[in-house]
Amino acid sequence: MVGFIWGQLRGRAGRSVALLVGVLVATTGFVVLTGATTTSRLAVTGTVERNTRAAYDILVRPKGTRTSLEAERGLVRPNYLSGSYGGITTAQYDRVRAVEGVDVAAPIAMLGYSTTSIEMPLDVTSAVDPALDRQLIRIDREFLAERGLSHAPAQPTYVYVTTHPLAYPIIGDEYYPDAVRYTDGRTYDTNDCGLLPREVLPGGRTAPICDLRVEQSNGLQDASERQLWKVETFRMLPGGRFERAATEGVTNLDAPAVGAPRVTVTVRLTVPFLLAAVDPGAEQKLVGLGDAVVAGRPLAATDTTVVTRERGLSSRTLPVLTTSRPFLDGAIRATYTRLPLDRTIAGVPPRKLAERLRGLPATPAGGTQRDALGAYRAQLAAGLGPRTCCHGQLQVVVQPGQAGYDRLPDGTLRVRPAPADPAVYGDSQDLVTLPRPWLSEDTGYRPLTQLRLGRGDRDARSWQAVGLFDPEKLTGFSDLGRVPLETYEPPRADGADDASRTALGGQPLEPSGNPAGYLSAPPLLLTSLSSVPGLLSAGSSPQRAAPISAIRVRVADVDGWSERSAERVRLTAERIATTTGLDVDITLGSSPAPQTVALPAGAFGRPGLRLTENWSALGVASVITRAVDRKSAVLFVLVLVVCALFLGNAVTATVRDRRSELAVLACLGWPARRIGALVLGEVATLGLVAGLLAVGLAVPLGRALDIDVDWRRALLAVPVALLLALVAGLAPALRAARAHPAAALRPPVAGTFRARRSRTIAGMAVVNLARVPGRTLLGAAALAIGVAALTVVGAVGHAFRGAVVGSLLGDTVSLSVRGADTLAAVATLLLGAAAVADVLYLDVRDRATELATLRATGWTDGALARLIGYQALFLGALGALTGAGLGLGGAAWLVGDVPAALVTVAALVALAGVLLTCLAALVPAGLLRRLPTARLLAEE
C-alpha cells in the first residue's frame, strides 16, 4: 500500500504538488494567524497591566452611596468623594484594616468648604494727577471667573489723595474711647467717624475723613458686611512719593508710614477650599502626602485641634496642610476713575458725600486686572504665619451634595440646576468674618447644606496652615489608568463642540470658586483624622458618630491588573463587604471614560456649554480582557474552520479528478476500506510533508509580519497539518469507498426537482447551483465565515471605542489589536473566497460536457463567462449575507448591543465579500476557453 501511495503521488506530480501547496498554505496561515491572535491578546494584556495601576484597588463607601449612573453603567463623576460627608464609623474602619489581604486602608473624612482670603494689591499710582491739590479715585471692581464668561460688579472702593497733612489717633489700652488724642497733640471726639485719620486744613482746622457707608447689600456680600467701606487715604508728598494713612490709628510707639513710592489698595477675594481629614501615615503610604510638602512641615497623626480660652471666650484652631495650587479660575478687573475735588471731603457726612460725588465730572484713569492664582502664589511667597499665609474661618462650613443629571436622546448628560440658598453661608450670629464667595449667587448645580461648628459668639473656630503641599507631587500614575476617583485629581472639563471651545478660548473649564458650581475641586485643606472629634464637638452633625466618608484600600501583593491580581482584589473586597456591610467597589483596572455633559447657562453671563469630562469607568480591565478573550477564541475557531473547509474543497477536487481511476479499482475488486485508506494515505502523506515545510516557513513569515511565532508554536504545524488533512480527506474518502463503481463514472451533478426551462442566464445559474447543493453550501459557508470574521473584528474595534468600555484605555487597546486582528480576518476572508473559486472550478470541470454542448449550439464564450459570473454573484451574495448576519450576532455577543454604525460596517464587509467572489470567478471562467469541445462531445 505504501509503495502504491508513493507511486500515485509521483505519477501525478502536478496534482500532488497542488494539494501539497494547498495544505501548506492553509497550515502556515493557520499557525501564523493564530499567533497573531495570541500576539494581539498579549499586547492587550500588557497594555492593561501597564496602565491600570491606580492609587487604590478598592473603594469603601457608606451604604447606599452609589448613584443611578454608577449602578447602571459603572460610571462615576470626577472627584466624586468631594460630595460625600461621613457615614463610616471608626469601628468599621478598624474592621477594614483587620481584613486579610489589606495592605493600606486610608480613610478620608470630607468636612466641607471653608473660606480664606486672597489679598490682591491694586496699583493706583498711574491714576493720580500730581497737579491736583486733592482728588478722589473711584475703583470699580468686576469679578471674573470661568474663563471670563462669568462676571459681576462689586461695590466701588475709593482712594482719597490730598496734599494736606494728616493726623492719626493714638491708641492706648482702651480701644474705642469717646475721645482720643491725635498725633497733632489735640484730642477729638470719635463718635462722628470713628478712629480714622483727620485732614489738617489750612488755618490749623482739622476734619475727619469719613468712610462711604454701604446702605444695602449688593447681593454679593453677606448680611453682616453692611458696614463702612474704608476710604484709603494718601498724602502726596513732594518728589512724587506718598504717605499712606494708618486706617485704625497708631500706638504710642508707632508712626504713620512715610515715603511710600506707590499708591496701592488691597482688595480681598474670598476663596472656598474643601477641607478633609486624613490619616497622615496611611496617606503617605497611599500617595506620598508627606513627600509632597513644599513648605512648613508635614501633617502628623498627633495634630489635633488647639483650644485656647481667654476672658470667657473659646477659640479652636485646626492645624492643616494647605495647597500650593488652588485649582481656581478667578480674577478681578479694576477700572479707575478720577474725581477732582474743589473742596475736601473731610467732615462731610456719608449721605451728603455720596450726593456730591454724583455731580462731579469723572475722568477715566486706566485700570488693571489681577489673577487670583498669581495673587495666591504671591501670598504663599510671604511664608506661613497667622498674619501672612494661610488661615481661614471655620464657624460655618458649606457642604455641597451631588449634581443631578438628565439623559438626552444622544447620550449627553444634562446637569440639573439646584436652587441657591444664601443662608447656608451663615450670618452675624455665626461670627462669619469673611463675605461669602462672590459667585455664590450664580446658578448652582449642587445642593448646599450648612455644617455649623461654632456655638455662638463665645466659641470661635478657625484653621491655620502648618505646611503647604503640592498636589502634582503626589504619586502619579499612567494617564490611561489614572482614575478620576483619585482623591486629588485636578478638575477640568474641555469644550465638546466648536461653540464651547470658542467660548472657553480653547482652555478647559475650571472651578469658579462657587461651592455649588458644577466642577468639584479636590480637598485642598487637609487635617488629621484625630482633629475631627474636637472640631465637631458642638452641634448635632451625624458626622460626629460616623465621620469617615470613604476608605481607599490597597491590596497586598497587587501591582497592576492581572487575572491573579483581579481575583485577589475580588476576594478582599468580598471580605470587606461581609465584615462591614458597607458599599464596596473594585477600582482596580478602572480608566477615565469621557462623557459629554451639557451645562446650562449661568446667572452671571456664562452661556450654556457642552463639555467633555473624564468620568471613571469601573472594572474596565476585566471587561477589555474578557472581550479580547472572546474575540481571540472566535477568530481562532473561524481560522480553523475556514482552513478545514479550504482543504476539504482541495481534497474533494482531487478525489473527483480521480473518480474514473477509483471506479476502475473498485471494478477490479478493491474493497471499500482499501480505497478509503488509499485516499487517506495520500492525503496524510501530503499533510505530513506540508506540516514539515510549514515549520520552516511559519517563523520567518511571522517575523516579517511582526507576529510572535516561536519554534514551539511552529512545531504545532506538523500535527495540525496532519489532522487537517485527515479531517478534510475523511468525507471524500468515505464517499469514494461507498460509491457504486458505475455511479463513480458519472459526474456528481444532481438532477432538477422538475423539468423547467430557464429563459435567462441568471436563471440557469440558479438552477446550476441548486443541482450541486452540497458544493454550493460548502462554498457559501467558507465565504460566510470570512465575512463574519471581518465583521467581528469591526465590532471589536467599535467596542473598544465606546460600545464595550467607552474609556481612554479601551481606545488605546483598540489601536494595539486592530492590525493583527484585521490581518487574521482579511486572510480568513481570502481563504473563503479561494474556497468559492474552488467550488466554481469544480463546477466547470464536472459540467465540462454540458458547457461544450452549449458552445456547440451557438453559445459564445462571453455568454458562458456570464453564466459563471452569475453563479459567482449568487453564491457570493448567499455567503456574504449569511456571514454578515453571523457577524452581527457575534458582535452582539461581544459588545452587548448592535448599533446602527455596526450594521453599516457589516453591510460594507458583505459587499466586499461579493466583489471578491466575483473577482475569484475570473479564474474558473478562464478555463472555458481551454475546453476541448470536440473531444468532450465525442466522449459523451
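This is a predicted model, so every value here is computed, not measured.

Cut-offs used in this document
- Residues numbered from 1 in each chain as written.
- Predicted model: local features only at pLDDT ≥ 70, side-chain atom pairs only at ≥ 80, totals over all residues.
- Heavy atoms only, no water.
- Helix = DSSP H or I, 4+ residues; strand = E, 2+ residues; numbered from the N terminus.
- Buried < 20%, exposed > 50% of the residue type's maximum accessible area, 1.4 Å probe, protein only.
- Contact = heavy atoms within 4.5 Å.
- Areas by Shrake-Rupley, 256 points an atom, 1.4 Å probe, with all protein chains shown as cover.
- Pairing = 2+ DSSP bridges.
- Phe/Tyr/Trp six-rings, centres within 6.5 Å; stacked < 30°, edge-to-face > 60°.
- Lys NZ or Arg CZ within 6 Å of the ring centre and 35° of its normal.
- Polar contact = N/O pair within 3.5 Å; in protein donor to acceptor, adjacent residues only side chain to side chain.
- Axes fitted to C-alpha atoms, helices over the stretch in contact; angles between N-to-C directions.
- Left-handed = near helix turned anticlockwise from the far one by under 90°.
- Nonpolar A, V, L, I, M, F, W, Y, C, P; charged D, E, K, R; others polar.
- Arc of directions from axis to C-beta.
- Core = buried A, V, L, I, M, F, W, Y, C linked by side-chain atoms within 4.5 Å.
- Expected span 1.5 Å × (residues − 1).
- Bend = angle between axes of the 7 residues up to and from the residue.
- Salt bridge = Lys/Arg side-chain N within 4 Å of Asp/Glu carboxyl O.
- pLDDT = per-residue confidence, 0-100.
- Patch = residues over 30% accessible without salt bridge, like charges linked within 9 Å, V, L, I, M, F, W, Y side chains within 5 Å.

**Student:** Looking at this structure, how should I read the overall build of the chain?
**Tutor:** Scanning the chain for helices and strands turns up 24 helices and 32 strands. Per-residue burial for the chain yields a buried fraction of 54% across its 940 residues. Considering only intrachain contacts with a sequence separation of at least 6, the fraction spanning at least 24 residues in the chain is 79%. Of the accessible surface of the chain, which amounts to about 39,900 Å², a share of 57% is contributed by carbon and sulfur atoms.

**Student:** Quick question: what am I supposed to make of the sheet that holds strand β10 (residues 198-200) here?
**Tutor:** Strand order in the open sheet made by the three strands is β7-β10-β11, with antiparallel pairing throughout. Unpaired on one side and paired on the other, β7 (166-167) and β11 (206-208) mark the two borders of the sheet. Alignment of β10 against β11, held across three bridges, turns out to be antiparallel. The residue bridging Glu199 from the neighbouring strand is Ala207, located in β11.

**Student:** Even after reading the chapter, I still don't get the packing of aromatic side chains, so can you show me in this structure?
**Tutor:** Geometry of an aromatic ring pair is reported as the spacing of the ring centres plus the angle between the planes. Applying the stated criterion across every chain, the model contains four aromatic pairs. Considering the side-chain rings of Phe273 and Tyr376, the 5.8 Å spacing of their centres and the 90° angle between planes classify their relative orientation as edge-to-face. Within this pair, whereas Phe273 is found in strand β16 (residues 264-278), its partner Tyr376 is found in helix α7 (residues 372-381), the two being separated by 103 residues in sequence. Ring plane angle 85° and centroid distance 6.3 Å describe the contact between Tyr405 and Tyr518, whose orientation is recorded as edge-to-face. A residue pair is termed long-range when its members are at least 10 positions apart, and Tyr405 in strand β23 (residues 404-407) and Tyr518 in the loop between α8 (498-503) and β28 (525-528) qualify at 113 residues. Here the guanidinium or amino end of Arg198 rests over the ring plane of Tyr182, the centre of that ring lying 5.9 Å away. Above the ring of Tyr188, the side-chain terminus of Arg198 is found at 4.0 Å from the ring centroid.

**Student:** In this structure, what is going on with the side chain of Glu146? I would like to understand it.
**Tutor:** Examined against the element boundaries, Glu146 turns out to sit in the loop between β4 (134-145) and β5 (150-153). Given a relative accessible area of 9%, Glu146 falls into the buried group. In terms of polar contacts, Glu146 uses its side chain to reach the side chain of Arg606, at 3.1 Å. Those residues within four positions of Glu146 in sequence are excluded, and the remaining contacts are Asp329, Asp442, Leu509, Ser512 and Arg606.

**Student:** Please clarify how unusual backbone geometry should be interpreted in this entry.
**Tutor:** Peptide bonds are trans in most cases, and residues, glycine excluded, mostly fall at negative phi. Even without glycine at this site, Phe327 takes up a positive phi of about 50°. Mapped onto the secondary structure, Phe327 falls in the loop between β19 (313-323) and β20 (330-340). Phe327 sits in the buried class, given a relative accessible area of 14%. Residue Asp557 is not a glycine yet carries a positive backbone phi of 60°. Mapped onto the elements of the fold, Asp557 is located in the loop between β29 (550-555) and α10 (563-580). On the accessibility criterion, Asp557 (51% relative accessible area) is exposed.

**Student:** How should I be thinking about the packing of helix α4 (residues 90-98) against α10 in this particular structure?
**Tutor:** Two numbers describe how α4 lies on α10: the axes approach to 10 Å, and their chain directions differ by 150°. Considering how the two elements wind past one another, α4 and α10 form a crossing that is right-handed. Touching Gln92, Arg95 and Val96 of α4 are Ile576, Thr579 and Thr580, all from α10. In terms of residue class, the contact of α4 with α10 is built from two nonpolar, three polar and one charged.

**Student:** Sorry, what's going on with the environment of Ser150 here?
**Tutor:** Tracing the sequence through the fold places Ser150 in strand β5. On a C-alpha basis, the gap between Ser150 and Phe604 in space is 4.9 Å, while along the polypeptide they are 454 residues apart. Filtering out sequence-adjacent residues up to four positions away, Ser150 remains in contact with Phe143, Leu144, Ala145, Trp438, Leu439, Asp442, Phe604 and Arg606.

**Student:** What is the right way to read the side chain of Asn514 from this model?
**Tutor:** Tracing the backbone shows Asn514 in the loop between α8 and β28. Look at Asn514 and you get buried, because its relative accessible area is 6%. Discounting chain neighbours no more than four positions away, the residues touching Asn514 are Tyr425, Leu439, Ser440, Asp442 and Thr443.

**Student:** Is there a simple way to think about α4 in this case?
**Tutor:** The periodicity of an α-helix, 3.6 residues per turn, causes residues three or four positions apart to be oriented the same way. Those residues of α4 that fall on the buried side of the exposure criterion are Gln92, Tyr93 and Val96. The arc that holds every buried residue of α4, seen down its axis, measures 105°, which confines them to one face. Those residues of α4 that are buried are in contact with β3 (102-123), β29 and α10.

**Student:** How do you make sense of the nonpolar core when you look at a structure like this?
**Tutor:** Generally speaking, soluble globular proteins have nonpolar side chains that are buried together. Within the largest apolar cluster, 74 residues are counted, with the highest numbers of intra-cluster contacts made by Ile58, Tyr336, Ile551 and Ile576. With residues near it in sequence (within four places) discarded, Ile551 still touches Ile58, Leu59, Val60, Ile88, Tyr93, Val96, Ala105, Ala106 and Pro107. Tyr113, Leu321, Leu526 and Ala550 belong to the second-largest nonpolar core, a separate cluster that totals 27 residues.

**Student:** Would you take a moment to explain helix α13 (residues 672-704) for this structure?
**Tutor:** Compared with an ideal rise of 1.5 Å per residue, which puts 33 residues at 48 Å, α13 spans 46 Å between its outermost C-alpha atoms and is within 8% of the ideal. Its maximal kink placed at Leu697, α13 deviates by approximately 30°, while the proline Pro700 follows within four residues.

**Student:** What's the story with the pairing of strand β1 (residues 58-61) in this structure? I'm lost.
**Tutor:** Put simply, side chains in a regular strand alternate between the two faces of the sheet. Side chains of β1 alternate between two faces, with Ile58 and Val60 and Leu59 and Arg61 buried alike. Sheet topology places β1 next to strand β30 (residues 583-586); four bridges connect them, and they run antiparallel. By the bridge assignment for β30, Val60 is matched with Val584. When β1 meets β29, the two strands line up antiparallel, connected through three bridges. Looking at β29, one finds that Ile58 is bridged to Val553.

**Student:** Which parts of the structure should I look at to understand the pattern of salt bridges?
**Tutor:** Two side chains carrying opposite charge are able to pair once their charged atoms lie near each other. The final tally for this structure, using the stated rule, is 22 salt bridges. The closest approach of N and O atoms between Asp140 and Arg138, which form a salt bridge, is 3.1 Å. When its relative accessible area of 27% is taken as the criterion, Asp140 is described as partly exposed. For Arg138, a relative accessible area of 24% corresponds to the partly exposed category. A single network of salt bridges, built from pairs that share partners, joins Arg325, Asp470 and Glu472.

**Student:** Honestly, the pairing of β4 in this entry has me stumped. Any pointers?
**Tutor:** Judged by how many residues are buried, β4 sits mostly within the fold: nine of 12 residues are covered. Sheet topology places β4 next to strand β6 (residues 157-162); six bridges connect them, and they run antiparallel. For Ile139, the partnering residue across the bridge sits in β6 and is Thr157. Pairing of β4 with β20, which is carried by 11 bridges, proceeds in the antiparallel orientation. For Arg138, the partnering residue across the bridge sits in β20 and is Thr337. Relative to β5, β4 runs antiparallel, the two being bridged by four bridges. Bridged to Ala145 within β5 is Ser150. The hairpin turn running from β4 into β5, its antiparallel successor, is four residues long, and Glu146 in that turn takes a positive phi close to 55°.

**Student:** Would you mind going over the confidence of the model for the chain with me for this structure?
**Tutor:** Predicted coordinates in areas of low pLDDT are best not read in detail. In the predicted model, the chain carries a mean pLDDT of 75, and 70% of its residues have values of at least 70. A low-confidence stretch, residues 800-805 stays under pLDDT 50, and its non-local contacts, those more than four residues away or across chains, total 26 contacts.

**Student:** What is the right way to look at the environment of Leu341 in this model?
**Tutor:** With respect to the element layout, Leu341 can be found in the loop between β20 and α6 (350-358). Given a relative accessible area of 10%, Leu341 falls into the buried group. Considered as a pair, Leu341 and Leu132 are 209 residues apart in the sequence and their alpha carbons are 8.4 Å apart. Excluding residues that lie within four positions of it along the chain, Leu341 makes contacts with Arg134, Gln135, Leu136, Tyr160, Leu357 and Leu360.

**Student:** Help me out: how do you make sense of a nonpolar patch on the surface in this one?
**Tutor:** A contiguous nonpolar patch, built from Leu688, Leu692, Leu722 and Leu726 and spanning about 310 Å² of accessible area, is present on the exposed surface. Secondary-structure elements contributing two or more residues to the nonpolar patch are α13 and α15 (717-738). Among the secondary structure elements, Leu688 is positioned in helix α13.

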